[in-house]
Amino acid sequence: QVQLVESGGGLVQAGDSLRLSCAASGRTFSSYVMGWFRQAPGKEREFVAAVTRSGGGTSYADSVKGRFTISRDNAKSTVYLQMNSLKPEDTAVYYCAASTSSLVGLKLRGDYWGQGTQVTVSS
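Right, let's walk through the structure included here. (Residues numbered from 1 in each chain as written. Predicted model: local features only at pLDDT ≥ 70, side-chain atom pairs only at ≥ 80, totals over all residues. Heavy atoms only, no water.)

## Remarks on the packing of aromatic side chains
Aromatic ring pairs: the centre-centre distance and the angle between the two ring planes describe each pair.
Item 1. Scanning the model with the defined rule gives three aromatic pairs in all.
Item 2. Ring plane angle 90° and centroid distance 6.0 Å describe the contact between Tyr 32 and Tyr 112, whose orientation is recorded as edge-to-face. Highlighted residues: Tyr 32 in the loop between β3 (18-25) and β4 (33-39) and Tyr 112 in strand β10 (residues 112-113), separated in sequence by 80 residues.
Item 3. Across from the ring centre of Trp 113, 4.0 Å away, lies the NZ or CZ of Arg 45, which sits over that ring. (Phe/Tyr/Trp six-rings, centres within 6.5 Å; stacked < 30°, edge-to-face > 60°. Helix = DSSP H or I, 4+ residues; strand = E, 2+ residues; numbered from the N terminus. Lys NZ or Arg CZ within 6 Å of the ring centre and 35° of its normal.)

## Examining unusual backbone geometry
Item 1. You will see that Ser 77, though not glycine, has its phi angle at about 50°, which is positive.
Item 2. Positionally, Ser 77 belongs in the loop between β7 (68-73) and β8 (78-83).
Item 3. A positive phi angle, close to 50°, is found at Ser 85, a residue other than glycine.
Item 4. Structurally, the position occupied by Ser 85 is in the loop between β8 and β9 (92-99).

Keep in mind these numbers describe shape, not what the thing actually does.
Laid out in structure tokens, this is it:
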């Protein structure tokens, strides 16, 4: 199993940028496809972004394409989510997830989850 701990959330103004980090431990980090999900009040949890084991392939939700960038540093066992041009609708609890399968598998369901970090964007 792998333990995931998110950090970097906070309160920002619309148009600002924020970078989330997810530190992993417990297993070989490079063996997992990594990704991010988010859940806003009154809404279902939704997929945000994912990155392959080597970091060479990515996938994004249409709502964040062009604004968010996912990346990973296997030497540091950490995955990042750079969020630019933030909008009030980006307000949510953001969760880090890991999958032993593929990008498609991660998008459908993560095998391991972090505790979440709150991102609030004011208008």
